[in-house]
Structure formats: C-alpha cells, structure tokens
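Residues per chain, in single letters:
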Amino acid sequence: MLLFEAREQVVHYGKELVRRGLASGSFGNVSMYIPEGKVLVISPSGMEYERVTPADVVVLTEDDVQLEGSRKPSSEIELHRALYRSRPDVLAVVHTHSPYATTMACMGKPLRPLHYAAGYAGGEVPCIPYVPFGTAELAEAAARGMGTAHNAVLLGGHGLVAVGADLSFAMDVAEQMEFLAQICWRCEVAGGGIPLRDVHVAQAAAALKGYRQKP
Ligand SMILES: [Zn+2]
C-alpha cells in the first residue's frame, strides 16, 4: 500500500476530530500534501471516522488520478487543493463543522482575538460569505479568505478550515479555534470582550510555537 504512514495519520486525525468534539459521524475532513511526490492524501467521502482504515484513505496525484483504492475522496477535495496551491507552507488541512466555530460562521462574524489562543491562527479569523459547499467557488473564496499568513478561516453558513505544516498543528488550530469561538460567542452574548493588541497576538503566536517544539 502506497504512503501507509501518511494514510495512518489521516485515519488517526480523523478519529481525533471526533474525540476532540470537533466533528460527529462523517462530517469534517482531513488531508496531507506530500510535496516530494506531489500527492494529496485525504479522508474518504461519507464514511464514519470510526470505520475508516488506512486502505480507505484516498491518494491522488496533482491531476486527480487516484493511485489506489475505490473510495471517493472527501466532497471538499477542491477546498483542500486550493489551500495547498495557494500556500506552499501548508502541508495539512482540517475542515470541521465544530459547534461554536460554526455558530460564529452562521452569524457571519469573525473570531476576534479576545484570547491569546488567537495566536494559533495568527490573529483575527475572518469569516467569508456563504458559498455552496463542495464547489470550486468555495475553494477559491476560502483560500482568498485564509490569506498568505493566517492558519484559519470561517466559512459563512458552513464551518471552519484550519491549516498547518503538519496534521498535528492543523488539528490543534482547529481545536483552539473552537475554544476561541466559544469565548467569542459568550462575550457576544455578554456584550463585551477586549481584543488583544496585535503585538500581544504576535507574542502569543511565537510563544505557542516554542511551547509546541518542546519534547
Ligand atoms: Zn463542510
């Protein structure tokens, strides 16, 4: 089986989505890009994460040739591809419909940097207007919304996309954005919240990077 280790990671982090309360059933998807072979390794469409095995994970070339297996790739494959195309630093993508991030996305509101967890995203997380799911238009809009340096974007009326240099980081970004979204929603309800200054968000981003690098 090609790329067994990468497939195992996709299976592991797919289950992590459910374990961390970021997805239920088959909603949400994860992928990795392997620059050496220019291949995309992505979760299959419409399968409950608990049932997915490495053999179900889909491996595709840049031209969408499926190298092995008969499973269909995630319906949001264009979304994943657009992010890898626009950001060479991105090697992993996690897409969720986690409850608080999706609540904010349905309100059309960005995630303000009210807590230093915003450092994981690189600052305020924008929210793009609704674009029909599973389309190339959504993929392009999400890549534009993510920009050149941020690690997360809200998809209006839909959910969240988080990225990183590996699946471990992209998953942490998704989890921290769900936490930040809960804080933002609570502050919204309470009528307050004080955004951190840019310099403090930048300090948090640098500190979190150092924290993650410790063994
Ligand atoms: Zn979705």
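In this report, we go over the structure that sits alongside the text. (Residues numbered from 1 in each chain as written. Predicted model: local features only at pLDDT ≥ 70, side-chain atom pairs only at ≥ 80, totals over all residues. Heavy atoms only, no water.)

Quick notes on the sheet that holds strand β4 (residues 92-96)
Argument step 1. Strand order in this open sheet of seven strands is β3-β2-β1-β4-β7-β6-β5, and the pairing throughout is mixed. If you trace the sheet from one side to the other, it starts and ends with β3 (58-61) and β5 (127-128), each paired once.
Argument step 2. The pairing of β4 with strand β7 (residues 159-164) spans five bridges and is antiparallel. Within the sheet, the bridge partner assigned to A92 lies in β7 and is G164.
Argument step 3. Along the sheet face, helix α3 (residues 99-107) touches β5, β6 (152-155) and β7 and points at about 60 degrees away from the line of β6. (Pairing = 2+ DSSP bridges. Helix = DSSP H or I, 4+ residues; strand = E, 2+ residues; numbered from the N terminus. Contact = heavy atoms within 4.5 Å. Axes fitted to C-alpha atoms, helices over the stretch in contact; angles between N-to-C directions.)

Focus on the coordination of the zinc ion
Argument step 1. Within the protein, the zinc ion binds to H95 (NE2), H97 (NE2) and H158 (NE2); these donor distances fall in the range 2.0 to 2.1 Å.
Argument step 2. Sequence positions of the donors to the zinc ion reduce to the motif H-x1-H-x60-H. In this pair, H95 sits in strand β4 while H158 sits in the loop between β6 and β7, placing the two residues 63 residues apart along the sequence.
Argument step 3. Using a relative accessible area of 1% as the deciding quantity, one classes H95 as buried. (Donors = N, O, S within 2.8 Å, 3.2 Å for Na, K, Ca; no water. Buried < 20%, exposed > 50% of the residue type's maximum accessible area, 1.4 Å probe, protein only.)

A look at the pattern of salt bridges
Argument step 1. Under the criterion given, the structure shown has nine salt bridges.
Argument step 2. Across the salt bridge formed by R20 and E16, the nearest N and O atoms sit 2.7 Å from each other.
Argument step 3. A salt bridge links D172 to R20; its shortest N-O distance comes to 2.9 Å. Placement of the pair is D172 in helix α5 (residues 167-190) and R20 in the loop between α1 (4-19) and β1 (29-34), with a sequence separation of 152 residues.
Argument step 4. Since its relative accessible area comes to 22%, R20 is described here as partly exposed.
Argument step 5. One connected set of salt bridges, linked through shared partners, spans E16, R19, R20, D172 and E175. (Salt bridge = Lys/Arg side-chain N within 4 Å of Asp/Glu carboxyl O.)

Considerations on the nonpolar core
Argument step 1. By size, the foremost hydrophobic cluster in this structure holds 43 residues, and its most contacted members are L17, V94, L111, L154, L167 and M177.
Argument step 2. Those elements that place two or more of their residues in this core are α1, β1, β2 (39-42), β4, α3, β6, β7 and α5.
Argument step 3. Broken down by element, the residue count for this core peaks at 10 residues, all from α5.
Argument step 4. If you look at the next biggest cluster of nonpolar residues, it comprises 24 residues, including L79, L83, V93 and A141. (Core = buried A, V, L, I, M, F, W, Y, C linked by side-chain atoms within 4.5 Å.)

Considering α1
Argument step 1. With 16 residues, α1 should cover 22 Å at 1.5 Å per step; its first-to-last C-alpha distance of 22 Å lies within 8% of that length.
Argument step 2. Considered for burial, the residues of α1 that qualify are A6, R7, V10, V11, Y13, G14, E16 and L17.
Argument step 3. Taken together, the buried residues of α1 touch β1, β2, β3, β4 and α5.
Argument step 4. One or two positions beyond α1, positive phi appears at G21, with a value near 75 degrees. (Expected span 1.5 Å × (residues − 1).)

Some points on the pairing of β6
Argument step 1. Burial along β6 is two-sided: the residues A152 and L154 and V153 and L155 are all buried.
Argument step 2. With two bridges joining them, β5 and β6 adopt parallel strand pairing. Directly across from I128, in β6, lies its bridge partner L155.
Argument step 3. For the handedness criterion, the β-α-β arrangement of β5, helix α4 (residues 136-146) and β6 is classed as right-handed.
Argument step 4. As defined by bridge partners, β6 adjoins β7 across four bridges and the pair is classed as antiparallel. Looking across to β7, one finds that A152 is bridged to A162. (Right-handed = clockwise from strand over helix to strand, strands pointing away.)

A word on the side chain of T102
Argument step 1. Mapped onto the elements, T102 comes out in helix α3.
Argument step 2. A relative accessible area of 14% places T102 in the buried class.
Argument step 3. A distance of 2.7 Å separates the side chain of T102 from the backbone oxygen of S98, its partner in a polar contact.
Argument step 4. Ignoring any residue separated from it by four or fewer positions in sequence, one finds T102 in contact with H97, H158 and G159. (Polar contact = N/O pair within 3.5 Å; in protein donor to acceptor, adjacent residues only side chain to side chain.)

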